[in-house]
Amino acid sequence: MDFIAKTDVGKKRSNNEDAFFTKIYNENIALFIVADGLGGYESGEVASSLLIKVFTEYFENSIQNIDASITDAKVKTILTKALLAANEKIYRLEKTDVKYRGMGTTIVLITKIYDKMYYLSIGDSRLYFLDDHLTHIRQVTEDDTYVNELLRTNAIRPEEVENHPQKHVLTKAIGIFSKVDVVVRKLNAKSGYLLLCTDGLTNMVTSSEILNIMRKYKFEELATKLVFKANLHGGNDNITVVIVKI
C-alpha cells in the first residue's frame, strides 16, 4: 500500500477549508480521510480540522488492542462512534459563537483493517475506484445532495444535473444536526487505486480526465497533476486529493 496527497486553496478562495489525514499505522491498519468544511468566515476550516482531530483520536484509541479476529460489526461500530463523536463536537461548538454559525463538514474515508477495507461518506466528497490497469474509473460513494435526490427519484434527467441551480445543496453533513445517520460499507477490492477527493476536483475535472491523468503520469506526480488540472479549469474551490495504491 502506498499513497500520495495534496491540498490547494484553488484560484477563487482566500482560505483553504479542506483537510485530510493519511496514515499507515502498520501492515494491517491504515486510515485515509478527506473533509471539506462548510460555513461562514473561517468556520469551515475549523469544522474539517476538528472532525479529523476527534475522529482520529477515537479511532486510534479503539484499535490499540484489536487483532485479525476483529469482526465487521466491531469495525463498523468503531467508525460510527468516532464519526458521531466528531459530529457532536462540531455541533456543540457551532452553538457557542456567531463566527461558527452554519459550521459543518463533509467526510469521505477509507480504512484498511487487516485483510478488509471499509469506507463511509457524508456530503459530496467522493471515493473513486480505478482498476490495476487503469481501464476504468468508478464512483463508489453517492453524493448527499439535493440534486442527487432529484435524480434518484427521476424528478430530473441526468443531463440536467450539471447546470442545476441547486447542484451544490447538501442533504447531509457533519455537525449540522445533533444526530447523523452513518452507513459503513465494505470495499471488495484487492488491488487497484482509490481516489478520495473534495468537489473542488470533481466540479472542475471530469471522470474521463481523471482517468487520463492517472494513465499518463507516474504515481508520485498524480496528486499534483490533478490539482493543476482543476486550477487550469478555473479552480473555483479548494481542491484536495488523496490517492491510495492497494
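Residues numbered from 1 in each chain as written. Predicted model: local features only at pLDDT ≥ 70, side-chain atom pairs only at ≥ 80, totals over all residues. Heavy atoms only, no water.

Across the five residues of strand 10 (residues 193-197), five count as buried, placing the element largely inside the fold. Along strand 10, one buried face is formed by Y193, L195 and C197 and the opposite face, lined by L194 and L196, is buried too. With five bridges connecting them, strand 7 (residues 126-130) and strand 10 associate as antiparallel partners. Considered in strand 10, the bridge of Y128 is made with L195. In terms of strand pairing, strand 10 meets strand 11 (residues 239-245) through five bridges, oriented antiparallel. (Buried < 20%, exposed > 50% of the residue type's maximum accessible area, 1.4 Å probe, protein only. Helix = DSSP H or I, 4+ residues; strand = E, 2+ residues; numbered from the N terminus. Pairing = 2+ DSSP bridges.)

Here the focus is the packing of helix 1 (residues 43-62) against helix 2 (residues 72-94). Between helix 1 and helix 2, the shortest axis-to-axis distance is 8 Å and the interhelical angle comes to 145 degrees. Crossing handedness for the pair helix 1 and helix 2: right-handed. Of the residues in helix 2, those in contact with V46, A47, L50, L51, V54, F55, Y58, F59 and S62 of helix 1 are I78, L79, K81, A82, L83, A85, A86, K89, I90 and L93. Considered class by class, the residues forming the contact of helix 1 with helix 2 number 16 nonpolar, one polar and two charged. (Axes fitted to C-alpha atoms, helices over the stretch in contact; angles between N-to-C directions. Left-handed = near helix turned anticlockwise from the far one by under 90°. Contact = heavy atoms within 4.5 Å. Nonpolar A, V, L, I, M, F, W, Y, C, P; charged D, E, K, R; others polar.)

A word on the layout of surface pockets. Considered as a void within the structure, the second largest pocket measures approximately 290 Å³ in volume. Around the second largest pocket sit 16 residues that line it, and R13, D36, H168, D199 and D237 are the ones nearest its centre. Elements with a contribution of two residues or more to the lining of the second largest pocket: strand 3 (29-38) and helix 4 (199-202). When residues in the lining of the second largest pocket are grouped by element, the largest group, three residues, is from strand 3. The residue inventory of the lining of the second largest pocket, partitioned by class, reads four nonpolar, six polar and six charged. (1 Å grid on protein atoms, 1.4 Å probe; cavity = no way out; pocket = protein on both sides within 12 Å on 5 of 7 lines; lining within 4 Å. Points joined across faces, edges and corners; volume = space filled by probe spheres on them.)

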